[in-house]
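This is what each chain is made of:
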Amino acid sequence: MTFSNKQRNYIEDLIAFDTTSIHSNLDLIDHVTKILERTRARITLNFNPDKTKANLIASIGPPEAEGGVIFSGHTDTVPVTGQDWSTNPYRAVEENGKIFARGSTDMKGFCGLALAAFEHVATEHESKLQKPLHLLLTYDEEVGCIGAQNFVTTNSHLLTKPDLILVGEPTNLRPILAHKGIRCFNASAKGHGYHSSAPDKGVSAIQYNARLSGYVYRIGESLKNEGITDLRFDPSYSTVNVGTIQGGSAVNVVADECVFSFETRPVPGDNGDVLVEKFLAAQEKVQNCFKKAARDTGLELHLALDEYVSVPPFDGNEHHPGSKLLINLLDDKTVGVAPFCTEAGIFQNAGWNSIVCGPGSIEQAHQPDEFITIDQLKRGAHLIEKISHRCFEPA
Ligand SMILES: [Zn+2]
C-alpha cells in the first residue's frame, strides 16, 4: 500500500482553499475542474441559487450503463474560529505520520484520494470501463447537507443507478450503514410590549413560547416511550432538544418577542413529522387560548415555526451487491451506525445504494489540530482503487 506524491499534493491543494461553509467553494471547484478537463470526463457543475457555491459531478465510462460507483465527498469545512491551532489550519503539515490541517480528516483527505483515483482511471483505463465511475463533490454539508439535496433534486437524472455511492466521511474505514437524521427549527412568538406594571395591556411573547418550549420536551417523552425504537442506536429512540431561547429586553417590560430553537434526531423509520404535527397543533391551541382571552382588546399574538435544517436518517442495505463488494474489501467488516449525520440518507432516499466509509477518525473532525494519519490515507487509497475496478467488470 502506497501513498503517492500525487495523492499527497491533491490533498494539500484542496486543504489550501479555505472552504469554511460561510465562504464560496468555487475556487476549489474551479481547481478540480481544471485537473479533470485534462481527461475526457463529463463535468457538470450544479450551483446554489445565488451562484456562490457549486456541486461538481464528473463522470467517465459508458453513461447509459447501469451500475458503477460514485465517490462522494463534501468540500466545505467547519470554522476554526475560537480554536487554538498550533499550525496554519489551511496549510497541510506532516509530522509523526500525520497530516494536520482543517479538513484533513473531514474530509479533504478522502476527496483528494478520490480525485486522484478518478483522474487515474480516466487517464489510464478509460477503455476498460464497462460501467460509469463518478466523482461527486458537494457544498454545504456541514450546515445541513444543502448541496447534496440540491444535487439529488436537480441533477440525479444525469446518472444511472450506481452499485454503490461511497460517502467517504471519516469512519476509520469501518462500514457505517445507518445514522439518525436531524431537523432544526426556530419557533418564534411576537406579542406586544408594555410596561410590566400593567401586563394585561401587553402580550408576553415569553409567556406563550415558554409554554411551547416545555411542550417540545413532552413530545420528546412521547417519542421515547411510544415512538419507534432502533436498538442499534444509543439512545435507541428519536430525541429532541431545545437548544437556545431568547426574548425580552428587561425585567420590567412585557416581552414583545421570543424565539427558541429546537431539534429532533429521528431514528430510521421516523422522519420527524410526528413532532412537527404535534408542535403545530400545540401552537394552534395556544393561539386559540390567546384569542379567547384577548377578545375585545385588539391585541395580537403571532406564532411561527421555521425549519432551517432537514437531513433524513440513513438506513443502508448491507446485503446489496454494491455494499457486499465494499464490505469484503475492508479489514474491519463489522457493520456499524454513526452518531453523526451525513449525506447518505439523501442519496439512499434517491434510490442509490449508499455506505458511509472513509479514512480518518471522526474524533479528530471539527477539532483544533485536526489530523489524519498517513496509514489511514494509504488504506483509504487502496480501498478506493479496488472499488473503482468494479467499473471494469461487465454489468
Ligand atoms: Zn464531513
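None of the values given here were measured: they were computed from a predicted structure. (Residues numbered from 1 in each chain as written. Predicted model: local features only at pLDDT ≥ 70, side-chain atom pairs only at ≥ 80, totals over all residues. Heavy atoms only, no water.)

**Section: the packing of helix H7 (residues 321-329) against helix H9 (residues 374-388)**
Here is the rule: To obtain an axis, a line is fitted to C-alpha atoms, over the contacting stretch when the element is a helix, and the angle between two such axes runs from 0 to 180 degrees between their N-to-C directions. Strands here mean DSSP runs of E at least two residues long; helices mean DSSP runs of H or I at least four residues long; both are numbered from the N terminus. Take the far helix as the reference: if the near one is turned anticlockwise from it by less than a right angle, the crossing is left-handed, and if turned clockwise, right-handed. Should any heavy atoms of two residues lie within 4.5 Å, those residues are counted as being in contact. Throughout this entry, Asp, Glu, Lys and Arg are counted as charged residues, while Ala, Val, Leu, Ile, Met, Phe, Trp, Tyr, Cys and Pro are counted as nonpolar. The remaining residues, Gly among them, count as polar.
H9 packs onto H7 with a crossing angle of 145° between their chain directions and a minimal axis gap of 10 Å. Of the two elements, H7 crosses H9, and the hand of that crossing is right-handed. Contacts between H7 and H9 involve Leu-325, Leu-326 and Leu-329 on the former and, on the latter, Leu-383, Lys-386 and Ile-387. Taken together, the residues of the contact of H7 with H9 break down into 5 nonpolar, no polar and 1 charged.

**A word on the sheet that holds strand E5 (residues 98-100)**
This is how the line gets drawn: In this scheme, strands are said to pair when DSSP sees at least two bridges between them.
Sheet architecture is open: 3 strands sit in the order E4-E5-E18, paired in antiparallel fashion. Across the chains shown, the open sheet's two edge strands, defined by having one partner strand only, are strand E4 (93-95) and strand E18 (371-373). When the angles between neighbouring strand axes are averaged without regard to direction, this sheet yields 25°. Relative to E18, E5 runs antiparallel, the two being bridged by 3 bridges. Paired with Lys-98 across the bridge in E18 is Thr-373. Along the sheet, helix H3 (residues 104-124) contacts E5 and E18; its crossing angle with E18, the most-contacted strand, is approximately 50°. Here H9 sits on the sheet in contact with E4, E5 and E18, set at roughly 65° to E18.

**Comments concerning the pattern of salt bridges**
Filter applied, for reference: Think of a salt bridge as a Lys or Arg side-chain nitrogen and an Asp or Glu carboxyl oxygen that are within 4 Å of each other. Throughout this description, buried means an accessible area under 20% of the type-specific maximum (1.4 Å probe, protein chains only), exposed means over 50%, and partly exposed covers the range between.
Taken as a whole and assessed by the stated rule, the structure comprises 19 salt bridges. Between Lys-6 and Glu-119 there is a salt bridge, and its shortest N-O distance comes to 3.1 Å. With Lys-6 in helix H1 (residues 5-16) and Glu-119 in helix H3, this pair connects stretches of sequence that are 113 residues apart. Assessed through its relative accessible area of 43%, Lys-6 is described here as partly exposed. Here Glu-119 falls in the buried class, since its relative accessible area comes to 6%. Residues Arg-174 and Asp-332 are paired through a salt bridge, measuring 2.8 Å at the closest nitrogen-oxygen approach.

**Here's the deal with the pairing of strand E1 (residues 42-47)**
Examined bridge by bridge, E1 and strand E2 (residues 54-60) share 6 bridges and lie antiparallel to one another. The residue of E2 that forms the bridge with Phe-47 is Ala-54. The hairpin turn running from E1 into E2, its antiparallel successor, is 6 residues long, and Lys-51 in that turn takes a positive phi close to 60°.

**Observations regarding the domain arrangement of the protein chain**
Reports often express the size of an interface as the amount of accessible area lost when the parts come together. What counts is decided by this rule: Where each domain begins and ends follows an automated or database-derived domain assignment. Once two parts are brought into contact, the accessible area they lose, counted with a 1.4 Å probe and summed over both, makes up the buried area. Polar contact criterion, stated in full: a pair of N or O atoms within 3.5 Å, where within protein one must be able to donate a hydrogen and the other to accept it, and residues adjacent in sequence count only if both atoms are side-chain atoms.
For the protein chain, the assigned domains read domain 1 (5-179 + 312-392) and domain 2 (182-310). The straight-line distance from the C-alpha centre of domain 1 to that of domain 2 is 37 Å. On the domain 2 side, the residues contacting the 12 residues of domain 1 number 9 residues. When the two sides are added together, the surface that domain 1 and domain 2 hide from each other amounts to roughly 790 Å², 61% of it contributed by carbon and sulfur. If you look at where domain 1 meets domain 2, you find 1 salt bridge. Residue Arg-232 is joined to Asp-315 by a salt bridge in which the shortest nitrogen-to-oxygen separation is 3.1 Å. Linking domain 1 to domain 2 there are 2 residue pairs in polar contact (both at pLDDT 80 or more). Elements that contribute at least two residues to the side of domain 1 that touches domain 2 include exactly strand E8 (176-179), strand E15 (314-315) and strand E16 (336-338). Grouping the amino acids of the side of domain 1 that touches domain 2 by side-chain chemistry returns 8 nonpolar, 3 polar and 1 charged.

**Quick word on the sheet that holds strand E11 (residues 239-247)**
Pairing is antiparallel in the open sheet, where 4 strands are placed in the order E11-E13-E9-E14. Edge positions in the open sheet fall to E11 and strand E14 (302-311), since each of these has one partner strand only. Pairwise comparison of adjacent strand axes, ignoring direction, gives a mean angle of 15° for this sheet. One ladder, built from 8 bridges, connects E11 with strand E13 (residues 257-265); its direction is antiparallel. Residue pairing across strands places Val-242 opposite Phe-262, the latter belonging to E13. Against the sheet, helix H5 (residues 205-226) contacts strand E9 (182-190), E11, E13 and E14, and its axis sits at roughly 10° relative to E13. Together, E9, E11, E13 and E14 form the strand contacts of helix H6 (residues 273-293), whose direction differs from that of E14 by roughly 170°.

**Overview of the side chain of His-125**
Tracing the backbone shows His-125 in the loop between H3 and strand E6 (133-138). With a relative accessible area of 18%, His-125 lands in the buried category. Other than its neighbours up to four places away in sequence, His-125 contacts His-120 and Phe-392.

**Topic: the layout of surface pockets**
In plain terms, the rule: Definitions used for this entry: grid spacing 1 Å over protein atoms alone; cavity, a set of points where a 1.4 Å probe fits but cannot get out; pocket, an open set with protein on both sides within 12 Å along at least 5 of 7 lines; lining residue, one with an atom within 4 Å of a point. Grid points are joined across faces, edges and corners, and a volume is the space filled by probe spheres set on the points.
Space inside the largest pocket adds up to approximately 360 Å³. Lining the largest pocket are 20 residues, and of these Gln-7, Ala-116, Ala-117, His-120 and Glu-385 lie nearest its centre. Sorting the residues of the lining of the largest pocket by element identifies H1, H3 and H9 as the ones contributing at least two each. Here the lining of the largest pocket takes 8 residues from H3, the largest share from any one element. In the lining of the largest pocket, the residues fall into 6 nonpolar, 9 polar and 5 charged. Its volume calculated, the second largest pocket comes out at about 310 Å³. As for the second largest pocket, its lining consists of 18 residues, and the residues nearest its centre are Glu-141, Glu-142, Phe-340, Cys-341 and His-366. Partitioned by chemical class, the residues of the lining of the second largest pocket number 10 nonpolar, 3 polar and 5 charged. When residues of the lining of the second largest pocket are sorted by domain, at least three fall in each of domain 1 (5-179 + 312-392) and domain 2 (182-310).

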